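# Survey of secondary and tertiary structure
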Amino acid sequence: MLLALAATALVVLALLWEVVAGPLREQVARCRARRATAPAPDYDPGRERRAEARARTLLKSCVGEEEWAMYRDLGFIRVWGGEPERPGQQTGAGAPYAYLIYPHKPILAYLPQTARLLNEYCVEFPDETRPYGSARLPDSDDVLAKWMALTGDERRLIETANLHLPGRQLDPRHVKRDLWRLRQWERERERLGGEAHRGGQVPAS
Amino acid sequence: MRFLRMKPGHGEVLIAEGDVEVREDEERLVEEFRRQLDAGMWAAIPLQGSAGRRTAQLARSFADVPRDADRVIFFPRAAGGR
């Protein structure tokens, strides 16, 4: 009786092995292949921080003092729109629209007079060489790339970007709050600038 | 003139430098410029505009780069994001 049970158990085990072994072997081979083809580079937070520090220095050296202070204090940069509404019409200083540049988020177009949000322009700068396993630039490099592309050739960048209505990625309440923070920030700078001017001092940057 | 390239996980990297008034240097810079554009980079030159306003100029060829430019920054070409 015991012998018969043991024999049956052996047969069942052998049949189960036949069923399980194939997929198991495949799974192991897939894991090995994944490890072999895509070695995950060690994530080094120190390297990322150093990259970001370098990118911030570069950004500071390229944009104006006001834009740099804006990014440092608020985390975004405003760029005035430069595209004439009609051929021959220059918008200049009275630009009817502007953009907010956030790191690794869409560029947001809005009307400064009314704070009405116009569009989100989704754009990326992927480096397919992936030197450290990632195609993503440091935050400040992403902001600088957007700033250079917008101020250098606004139309080219906007035509490249994917256009979406506001609210797709950027929370409109968050953006409205950022616009309010920007107004407060500008008032404070004006006040400090005025005081420094009256006192014959240069405002601290 | 210095050529800088933005790199993920690194920040900018100096890829070439030279004096555009020296013929050998200029040829090397022209060649590197082409190589970067062929590799899918955009080239930008930060400029000091009127009244101290800063802007940038995108260059599609080395001839577009002002002779007195101090640096050219290469960054990956823009693509529509999600």
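Residues numbered from 1 in each chain as written. Chains lettered and ligands numbered in written order. Predicted model: local features only at pLDDT ≥ 70, side-chain atom pairs only at ≥ 80, totals over all residues. Heavy atoms only, no water.

### A few points about the overall build of chain A
Scanning chain A for helices and strands turns up five helices and five strands. Along the chain direction, N to C, the helices and strands of chain A fall in the order α-α-α-β-β-β-β-α-β-α. Once local pairs closer than 6 in sequence are excluded, the contacts in chain A between residues at least 24 apart make up 59%. Here chain A displays about 12900 Å² of accessible surface, and carbon together with sulfur accounts for 56% of that area. (Helix = DSSP H or I, 4+ residues; strand = E, 2+ residues; numbered from the N terminus. Contact = heavy atoms within 4.5 Å. Areas by Shrake-Rupley, 256 points an atom, 1.4 Å probe, with all protein chains shown as cover.)

### Thoughts on the interface of chain B and chain A
Taken together, the contact pairs 28 residues of chain B with 39 residues of chain A. For the pairing of chain B and chain A, the buried interface totals around 3000 Å² over both sides, and the portion due to carbon and sulfur atoms is 60%. Considering only the side of chain B, the residues that lose the most area to chain A are Met6(B), Pro8(B) and Arg54(B), jointly responsible for 20% of the buried surface there. Summed over the shared surface of chain B and chain A, the result is nine residue pairs in polar contact (both at pLDDT 80 or more). Secondary structure elements with two or more residues in the side of chain B that touches chain A: strand 1 (2-7), strand 2 (11-17), strand 3 (41-48), strand 4 (54-59), strand 5 (71-76) and strand 6 (79-80) of chain B. The greatest single-element share of the side of chain B that touches chain A, amounting to five residues, is contributed by strand 4 of chain B. Along the lines of polarity and charge, the residues of the side of chain B that touches chain A split into 13 nonpolar, seven polar and eight charged. Sheet topology places strand 4 (residues 116-124) of chain A next to strand 6 of chain B; two bridges connect them, and they run antiparallel. Paired with Glu124(A) across the strands is Ala79(B), a residue of strand 6 of chain B. (Buried area = accessible area lost by both parts, 1.4 Å probe. Polar contact = N/O pair within 3.5 Å; in protein donor to acceptor, adjacent residues only side chain to side chain. Nonpolar A, V, L, I, M, F, W, Y, C, P; charged D, E, K, R; others polar. Pairing = 2+ DSSP bridges.)

### With respect to helix 4 (residues 139-160) of chain A
Under the 1.5 Å per step criterion, the end-to-end length of helix 4 of chain A is only 20 Å for 22 residues, more than 12% shorter than the ideal 32 Å. Maximal helix bending in helix 4 of chain A amounts to about 125°, located at Asp153(A). (Expected span 1.5 Å × (residues − 1). Bend = angle between axes of the 7 residues up to and from the residue.)

### Some thoughts on the sheet that holds strand 3 of chain B
Strand order in the open sheet made by the five strands is 2-1-5-3-4 (chain B), with mixed pairing throughout. Strands at the two margins of the open sheet, each flanked by one partner only, are strand 2 and strand 4 of chain B. Between one strand and the next, the sheet's axes are offset by a mean angle of 30°, whatever the strand orientation. In terms of strand pairing, strand 3 of chain B meets strand 4 of chain B through six bridges, oriented antiparallel. Residue pairing across strands places Leu47(B) opposite Thr55(B), the latter belonging to strand 4 of chain B. Its contacts with the sheet place helix 2 (residues 45-62) of chain A against strand 1, strand 2, strand 3, strand 4 and strand 5 of chain B, and it is angled at close to 130° to strand 5 of chain B. Where helix 4 of chain A meets the sheet, it contacts strand 1, strand 2, strand 3, strand 4 and strand 5 of chain B, and its direction lies at approximately 65° from that of strand 4 of chain B. (Axes fitted to C-alpha atoms, helices over the stretch in contact; angles between N-to-C directions.)

### A few points about the pattern of salt bridges
Overall, the coordinates contain 18 salt bridges over all chains when judged by the stated rule. Each of Glu21(B), Glu26(B) and Arg67(B) takes part in a single network of salt bridges with overlapping partners. (Salt bridge = Lys/Arg side-chain N within 4 Å of Asp/Glu carboxyl O.)

### Regarding helix 2 of chain A
Counted at 1.5 Å a residue, the expected span for helix 2 of chain A with its 18 residues is 26 Å, and the 26 Å between its end C-alpha atoms agrees. Taken together, the buried positions of helix 2 of chain A are occupied by Gly46(A), Arg47(A), Ala51(A), Glu52(A), Ala55(A), Leu58(A), Leu59(A) and Cys62(A). (Buried < 20%, exposed > 50% of the residue type's maximum accessible area, 1.4 Å probe, protein only.)

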